[in-house]
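Remarks on the overall topology
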Amino acid sequence: QTRTWMKQVREVAFDVEDCMDRFCHHLSKHHGDRQGLLEYLNRMFNMVRTLSVRHKVATDIQGLKSRAQKVSDRKQRYTYTLHEAGRSRKGLDSPYSHPDNLERWLPAIRGDGSGLVGMGNMTDAVVELLNNEQRQAAAGHRVLSIVGFGGLGKTTLATTVYNTPKLGGIQCRAFVPVSQTYDVRSLLESMLKQLSASAEKDKNDDPLKNIKDWNKRQLSDNIKKQLDGKRYLIVLDDVWRAAAWDQLNVAIPRDNNKGSIIITTRSHEVAKNCCTSPNDPVYEMKRLQEGDSEKLFFKTVFESGKCPADLLNVSKDILARCNGLPLAIVSIGRMLARRQNQTSEDEAGPSQRLPPST
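Residues numbered from 1 in each chain as written. Predicted model: local features only at pLDDT ≥ 70, side-chain atom pairs only at ≥ 80, totals over all residues. Heavy atoms only, no water.

1. Points about the overall build of the protein
Tallying secondary structure elements over the protein gives 14 helices and five strands in all. Out of the 358 residues belonging to the protein, those deemed buried represent 37%. For the protein, the share of sequence-separated contacts (at least 6 apart) that also reach a separation of at least 24 residues comes to 77%. As displayed, the protein has an accessible area near 21700 Å², and 52% of this comes from carbon and sulfur atoms. (Helix = DSSP H or I, 4+ residues; strand = E, 2+ residues; numbered from the N terminus. Buried < 20%, exposed > 50% of the residue type's maximum accessible area, 1.4 Å probe, protein only. Contact = heavy atoms within 4.5 Å. Areas by Shrake-Rupley, 256 points an atom, 1.4 Å probe, with all protein chains shown as cover.)

Next comes the structure, spelled out in structure tokens:
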């Protein structure tokens, strides 16, 4: 039953992704910042040209919504839960296995960082840098770059700092994933929506009305209005090129020294180019210490957070290969936690032994 239900959900998800791809390919093109008669005629032409595609996408969306609802209803009809499925498996009461626990596997959703391993000191260090970095001249926002290669936990650290109550007095904030390929207008729109979410709104006057029709200059001007005179926190996650920072920085007022910006990137060169002052710090991520690596791995694999004695040696071999990389530790740990767990005696045999290190 578990596999049948998961397969149905997966098939719907794949079909939704295909529908989104068709929409993006045919209908999501933004026609730039042009205005006037030419822009109007261009829009009308594209509306007529894509009429059949729009009808097909709309029909597909209705069908997908219906299928998703049926899958959900079917789950409720048979009163099926993942927790009950886990109890039907052999060895649930064993210390080696446990039911799925979203909060345990995604501790960052708590927002306070209490469930994260090895992030406490890093979070305190970044918060201290943001709180203590007071410039001699009130000449603009502060920029802090978090640098490290993929899988070290840059996004997790930035998310924890973003949600921590230790940064008091933040009046508005935004978390904007940039990534390797990006659309500047979409990023500006996302930033403005998040910054406006905390502002007082008049029900009769929506400041973001027709935001889909705004060009980049209009979005930038409204972002500056939202940030003017306020203490804000903006996270630009996974910045690959300095050009992305240059394109987004124009929307951030430079005469407001109350604001802080956190940038996560893999490149030291990008981090240096994003600094607006010699005083802007660069925080370099480090691998987890041996103790934190063990704690993270055991917490991911075993519900109790403790490793049974008969699995201690093989766990240390796995951790040695992960080399303090949080993403590798969590990925392997989750894979092992989802297996039909057995003791090392049950699995004894040359085929189960780890291959020699290379």
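2. Some words on the confidence of the model for the protein
Within the protein, residue pLDDT values average 77, and 77% of them lie at 70 or more. Segment residues 346–358: pLDDT under 50, and ten contacts once partners within four positions in sequence are set aside and those in other chains are kept. (pLDDT = per-residue confidence, 0-100.)

3. Some thoughts on the side chain of T265
Assignment of secondary structure puts T265 in strand β4 (residues 260–265). Among the polar contacts made by the side chain of T265, one reaches the main-chain carbonyl oxygen of V239 at a distance of 2.7 Å. Within the structure, T265 has its side chain in polar contact with the backbone nitrogen of S267 (distance 3.2 Å). Apart from residues no more than four positions distant in its own chain, T265 is found in contact with I146, V147, G148, K154, V239, V270 and A271. (Polar contact = N/O pair within 3.5 Å; in protein donor to acceptor, adjacent residues only side chain to side chain.)

4. Examining the nonpolar core
The biggest cluster of nonpolar side chains holds 30 residues, and the ones touching the most others in it are L236 and I261. Where this core is concerned, the elements lending two or more residues are β2 (172–179), α8 (184–197), α9 (216–227), β3 (232–239), α10 (242–249), β4 and α11 (268–274). Ignoring any residue separated from it by four or fewer positions in sequence, one finds L236 in contact with V176, V178, M191, W245, L248, I261, I262, I263 and T264. If you look at the next biggest cluster of nonpolar residues, it comprises 22 residues, including A158, I170, F175 and M285. (Core = buried A, V, L, I, M, F, W, Y, C linked by side-chain atoms within 4.5 Å.)

5. Remarks on empty space enclosed by the protein
Evaluation of the coordinates by the stated rule reveals one cavity of 30 Å³ or more. For the largest cavity, the calculated volume is near 40 Å³. Lining the largest cavity, in full, are L130, L167, I170, R231, Y232, L233, K258 and S260. Class assignment of the residues belonging to the lining of the largest cavity gives a composition of five nonpolar, one polar and two charged. (1 Å grid on protein atoms, 1.4 Å probe; cavity = no way out; pocket = protein on both sides within 12 Å on 5 of 7 lines; lining within 4 Å. Points joined across faces, edges and corners; volume = space filled by probe spheres on them. Nonpolar A, V, L, I, M, F, W, Y, C, P; charged D, E, K, R; others polar.)

6. Looking at the sheet that holds strand β1 (residues 142–147)
Spatial strand order, β2-β3-β4-β1-β5: five strands in an open sheet with parallel pairing. At either end of the open sheet lies a strand with only one pairing partner, and these are β2 and β5 (282–284). Neighbouring strand axes in the sheet, compared pairwise and without regard to direction, differ in orientation by 15° on average. Pairing geometry for β1 and β5, over three bridges, is parallel. Considered in β5, the bridge of I146 is made with Y283. Its contacts with the sheet place helix α7 (residues 154–163) against β1, β2, β3, β4 and β5, and it is angled at close to 170° to β2. Running at roughly 160° to β2, α8 makes contact with β2 and β3 of the sheet. (Pairing = 2+ DSSP bridges. Axes fitted to C-alpha atoms, helices over the stretch in contact; angles between N-to-C directions.)

7. Re the pattern of salt bridges
In the structure shown here, the tally under the stated rule is seven salt bridges. Residues E189 and R185 are paired through a salt bridge, measuring 2.7 Å at the closest nitrogen-oxygen approach. One end of the pair, E189, and the other, R185, are both in helix α8, four residues apart, so they sit about a helical turn from each other. Neither E189 nor R185 differs from the other in exposure class; each is buried. When the shortest N-O distance is used, the salt bridge between K193 and E189 registers 3.0 Å. Placement of the pair is K193 and E189 together in helix α8, with a separation of four residues, close to one helical turn. One network of salt bridges, with partners in common, ties together R185, E189, K193 and K212. (Salt bridge = Lys/Arg side-chain N within 4 Å of Asp/Glu carboxyl O.)

8. Looking at the packing of aromatic side chains
The full count for this structure, using the stated rule, is three aromatic pairs. Between the aromatic rings of Y162 and F175, the centroid separation amounts to 5.5 Å while the plane-to-plane angle is 85°, which identifies the pairing as edge-to-face. Highlighted residues: Y162 in helix α7 and F175 in strand β2, separated in sequence by 13 residues. With a relative accessible area of 16%, F175 lands in the buried category. Pairwise contacts between aromatic rings join F297, F298 and F302 into one cluster. Seen from the ring of Y162, R173 lies directly overhead, with NZ or CZ sitting 5.5 Å from the centre. (Phe/Tyr/Trp six-rings, centres within 6.5 Å; stacked < 30°, edge-to-face > 60°. Lys NZ or Arg CZ within 6 Å of the ring centre and 35° of its normal.)

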